[in-house]
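Listed here are the chains, written in short residue letters.
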2 protein chains.
Amino acid sequence: MEEHHVLGVDGGGSRTRCVIASLSGHILARGSGGPSNPLTAGFDCAAEAIQAAVEEASRRCGINSFEASVMGLAGTERASAMESLVARLTLPDLGNLKIIGDAQVALAGATGCRSGVVVISGTGSIAYGENDAGETARAGGWGWRLGDEGSGYDIGNRALIAALRDHDGRGPATLLTEKIRGVLGLGDLDELVDLTYRGNMGSEEVAALAGLAGEAAGEGDNVALRILEGAGVELGIAASAVIRRLGLTGGFKLGLVGGVFNLGPLIRMSLERSVRRTAPDCVISRPRFPPEVGAALLAIRDAGVELEDELLHTMEVSFEVLMEASG
Amino acid sequence: MEEHHVLGVDGGGSRTRCVIASLSGHILARGSGGPSNPLTAGFDCAAEAIQAAVEEASRRCGINSFEASVMGLAGTERASAMESLVARLTLPDLGNLKIIGDAQVALAGATGCRSGVVVISGTGSIAYGENDAGETARAGGWGWRLGDEGSGYDIGNRALIAALRDHDGRGPATLLTEKIRGVLGLGDLDELVDLTYRGNMGSEEVAALAGLAGEAAGEGDNVALRILEGAGVELGIAASAVIRRLGLTGGFKLGLVGGVFNLGPLIRMSLERSVRRTAPDCVISRPRFPPEVGAALLAIRDAGVELEDELLHTMEVSFEVLMEASG
């Protein structure tokens, strides 16, 4: 009997990743492409990026026909947006195709499709969870203008504001001022106004400044330390809101996803302190699988296969082998 | 001997106002026009708005030739922006023309061209001051993306964020949620995302929501009360930074300008508490003159006339008469 396969895709504002896996849980190939959030990249670019990622993976393992496909994509909450995107895809045989939110596939990856919560903090931030009854809840994720508290954007933006407050005497002195001046090549910090409003500094560029906060915190800068601590508290508040609304108790998994958790231990520590008040026994960890593998897991389940521990273990081992092979 | 006259203009993001005064301090006429911040309205519209305001005032008093003119305009910090604007003005005889910042004319109006500090909080916010040595300092005023703490935009934005935090369980319940849903005509608060990012809700529209915070605070809503209190503290911090940098002491005047101070007594109270720590004896009050009269005062001084108390008194009385006449 010929084995059947599934496709898992994770697409966001900066890149797209996919995996092809067998129904028994062997991950056979990976592929990657450019940004595929249709709201920021546009529908044509988003479709092209997905196409490129899938074609790369197909080329590597010789499989381009799928029993089921799951794509986790940012910016496709509205049905019309989803349709516009699907209409542009010219992939041969995606089987039963589902397009869902990027947070959903991240959760599936983080927990291996078990109930639990994932906190994602990259350029933006969101907490998303699911309980045993299949109910879901989210908190945050409202984008850079309406919050995204604790995100890379939020940290970068607070770093900019702290530098201006140092500059005009409203706030304490901070290493961030010189770091920002240096990185952005500003003669005077006043030039930041030009850069932001006339230069249309985007949320990705602001988020890129979060690294400076991590750096300054590492050098003991109090302002930067407070910014990172505050980000952890905010992410903890978002996680706690989801936990409460889903009635999660006991040792469920709380996965932490995204580059913000690489900015030093302080963010995770303050998140943990904040979450422990609501859920003292939850297991806080980095995700078991990346989101694209989470998408593949959901596709396997959609194809009617039970996600038993052995299958998850197979996924884990085959993904590691693949990662090592690609160096 | 024929009497000579001056022109004073105050232009901002929502409107332009001007007065024509004699060198002895009699205000003869007022005029108004549309927005004249060239950064937001464009240079052509800004020039037209100024033109319209001045022509209206000229028509009313029959005077269109000036010894000196002072225009306080937002968004003309750069010399190139100022030149672009002046090149578009076709007013007959402005005499010695000076274009300065909107905060400078507001300060001149608030203090009657004495040393002191003005805190302006409308759509944006800024603190600006001048000491007896003629040194100046500003704090804040970095625009909606980089701060404008304590401004109408800031208050409106915090109201939006508080509603979303109520909505997704991260924050306490607040009357703001229903008020915002009602005013913006949203079926579900999730629609706010569409409105903000795809509808490009501008900073003026966000600032317009500050009124809801004032309303909710008046009804005892704790979240709204905290937002207004926080705004007052922030404006106090900005004023204190300016006071410290200028070394102001004793009974100097601190003028409060802008619509935010009409949102209820709490903002002023918390500003006052915050400022008193730095400057226990300063005199906090609404401005003596509006900014366009401040501009005229500066123009009279530019024409070589000393601004004695009698002249200021003449200004005050003639302005009142004019306001009453225009109903």
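It should be emphasised that the depicted structure is a prediction, and the values quoted were computed from it without experimental measurement.

**Description of the interface of chain B and chain A**
Between chain B and chain A, the residue contacts involve 38 residues of the former and 38 residues of the latter. Contact between chain B and chain A buries roughly 3,300 Å² in total, counting both sides, with carbon and sulfur atoms accounting for 53%. For chain B, the biggest contributors to the area lost against chain A are W142, R145 and L146 of chain B; these three give 27% of the whole. Our count for the chain B to chain A interface comes out at six salt bridges. Of the charged contacts, one joins E149 of chain A and R165 of chain B as a salt bridge, the two residues approaching to 3.0 Å between their closest N and O atoms. Counting every contact that joins chain B to chain A gives 28 residue pairs in polar contact (both at pLDDT 80 or more). Breaking the side of chain B that touches chain A down by element, the ones donating at least two residues are strand 8 (136-140), helix 5 (152-167), helix 7 (191-198) and helix 10 (222-246) of chain B. Of the residues belonging to the side of chain B that touches chain A, the class tally is 16 nonpolar, nine polar and 13 charged.

**Focus: unusual backbone geometry**
Its identity is not glycine, yet D148 of chain A carries a phi of approximately 50°, on the positive side. Among the structural elements, D148 of chain A can be located in the loop between strand 8 (136-140) and helix 5 (152-167).

**Here's the deal with the sheet that holds strand 8 of chain A**
Backbone-to-backbone hydrogen bonds pair the strands of a sheet. The strands run either parallel or antiparallel. Residues and elements named next belong to chain A. Read from one edge to the other, the open sheet built from five strands follows the order 8-7-6-9-10, with strand pairing classed as mixed. A single partner strand is all that each edge strand has here, and the edge strands are strand 8 and strand 10 (283-285). Adjacent strand axes in the sheet meet at a mean angle of 15°, parallel and antiparallel pairs treated alike. For strand 7 (residues 125-130) and strand 8, the ladder comprises five bridges, and the chain directions are antiparallel. Looking at the pairing, I126 lines up with G140 of strand 8. Helix 10 (residues 222-246) contacts strand 6 (116-121), strand 7, strand 8 and strand 9 (253-257) of the sheet and is inclined by roughly 155° relative to strand 8.

**Focus: the pattern of salt bridges**
All names here are of chain B. A full pass over the atoms with the stated rule returns 32 salt bridges over all chains. E56 is paired through a salt bridge with R60; the nearest N and O atoms lie 3.1 Å apart. Note that E56 and R60 are positioned in helix 2 (residues 43-61) at a spacing of four residues, about one turn of the helix. With relative accessibility at 58%, the residue R60 sits in the exposed group.

**Things to note about the domain arrangement of chain A**
As far as domains go, chain A holds domain 1 (5-102 + 289-325), domain 2 (120-145 + 229-285) and domain 3 (152-228). Relative to domain 3 of chain A, the C-alpha centre of domain 1 of chain A lies at a distance of 36 Å.

**Regarding the packing of aromatic side chains**
Scanning all chains against the criterion turns up three aromatic pairs over all chains. Cluster of aromatic residues (ring-pair linked, three or more members): W144 and Y153 of chain A together with W144 and Y153 of chain B. Seen from the ring of W142 of chain A, R138 of chain A lies directly overhead, with NZ or CZ sitting 4.2 Å from the centre.

**Quick notes on the sheet that holds strand 3 (residues 27-33) of chain A**
Residues and elements named next belong to chain A. The strand order across the open sheet built from five strands is 3-2-1-4-5, with neighbouring strands paired in mixed fashion. Among the strands making up the open sheet, the edge pair consists of strand 3 and strand 5 (96-100). Neighbour-to-neighbour, the strand axes of this sheet turn through a mean angle of 15°, independent of strand direction. In this sheet, strand 4 (residues 68-73) lies alongside strand 1 (residues 5-11) in parallel orientation, the contact comprising six bridges. If you follow G11 over to strand 4, its bridge partner there is L73. Lying on the sheet, helix 12 (residues 291-302) is in contact with strand 1, strand 2 (16-22), strand 3, strand 4 and strand 5; it crosses strand 1 at an angle near 140°.

**Comments concerning the state of the cysteines**
Residues and elements named next belong to chain A. Enumeration according to the criterion identifies zero disulfides over all chains in this entry. In this model C18 remains outside any disulfide bridge; the closest cysteine sulfur is found in C61, 9.0 Å from its own. With no disulfide partner, C113 has as its closest neighbouring cysteine sulfur the one in C18, 17 Å distant.

**Topic: the relation of the copies chain B and chain A**
Turning chain B through 180° and shifting it by 0.0 Å along the axis lays it on chain A, with an RMSD of 0.0 Å. Viewed as a symmetry operation, the transformation between the two copies matches a two-fold axis. Nearest to the rotation axis, the C-alpha of R145 of chain B is located 4.3 Å from it, this being the minimum over chain B. An overlap of 100% is found between the interface residues of chain B and their copies at the interface of chain A, pointing to a shared contact surface.

**Thoughts on helix 4 (residues 102-111) of chain B**
Residues and elements named next belong to chain B. Counting buried positions along helix 4 yields eight of 10 residues, so the element is predominantly enclosed. Where helix 4 is concerned, the buried positions are A103, V105, A106, L107, A108, G109, A110 and T111. G112 sits one or two positions beyond helix 4 and adopts a positive phi of about 65°.

**Thoughts on the environment of R288 of chain B**
Residues and elements named next belong to chain B. Within the element layout of this structure, R288 appears in the loop between strand 10 (283-285) and helix 12 (291-302). With relative accessibility at 32%, the residue R288 sits in the partly exposed group. Those residues in contact with R288 that lie beyond four places of it in its chain are G109, A110, K253, L312, H313 and E316. Within the local environment of R288, its side chain forms a polar contact with the side chain of E316, the two groups lying 2.8 Å apart.

**Section: helix 5 of chain A**
All names here are of chain A. Taking 1.5 Å as the rise per residue, helix 5 with 16 residues should run 22 Å; its terminal C-alpha atoms sit 22 Å apart, in good agreement. Where burial is concerned, most of helix 5 is hidden: 13 out of the 16 residues are buried. In this structure S151 caps helix 5, since a side-chain oxygen of it lies 3.4 Å from the backbone nitrogen of Y153. Once helix 5 finishes, G169 follows within two positions and takes phi at roughly 90°, a positive value.

**Points about the nonpolar core**
By size, the foremost hydrophobic cluster in this structure holds 54 residues, and its most contacted members are V119, I155, L176 and L254 of chain A. Broken down by element, the residue count for this core peaks at 12 residues, all from helix 10 of chain A. Counting only domains with at least three residues in this core, you end up with domain 2 (120-145 + 229-285) and domain 3 (152-228) of chain A. The residues touching V119 of chain A, leaving out its near neighbours within four places in the chain, are I126, A127, L235, A239, L254, G255, L256, V257, F261 and L271 of chain A. Listed in part, the 53 residues of the second largest apolar core include L176, L209, A224 and V242 of chain B.

What counts as what
- Residues numbered from 1 in each chain as written.
- Chains lettered and ligands numbered in written order.
- Predicted model: local features only at pLDDT ≥ 70, side-chain atom pairs only at ≥ 80, totals over all residues.
- Heavy atoms only, no water.
- Contact = heavy atoms within 4.5 Å.
- Buried area = accessible area lost by both parts, 1.4 Å probe.
- Salt bridge = Lys/Arg side-chain N within 4 Å of Asp/Glu carboxyl O.
- Polar contact = N/O pair within 3.5 Å; in protein donor to acceptor, adjacent residues only side chain to side chain.
- Helix = DSSP H or I, 4+ residues; strand = E, 2+ residues; numbered from the N terminus.
- Nonpolar A, V, L, I, M, F, W, Y, C, P; charged D, E, K, R; others polar.
- Pairing = 2+ DSSP bridges.
- Axes fitted to C-alpha atoms, helices over the stretch in contact; angles between N-to-C directions.
- Buried < 20%, exposed > 50% of the residue type's maximum accessible area, 1.4 Å probe, protein only.
- Domains from an automatic or database assignment.
- Phe/Tyr/Trp six-rings, centres within 6.5 Å; stacked < 30°, edge-to-face > 60°.
- Lys NZ or Arg CZ within 6 Å of the ring centre and 35° of its normal.
- Disulfide = S-S within 2.5 Å.
- Least-squares fit on C-alpha atoms with pLDDT ≥ 70 in both.
- Expected span 1.5 Å × (residues − 1).
- Core = buried A, V, L, I, M, F, W, Y, C linked by side-chain atoms within 4.5 Å.

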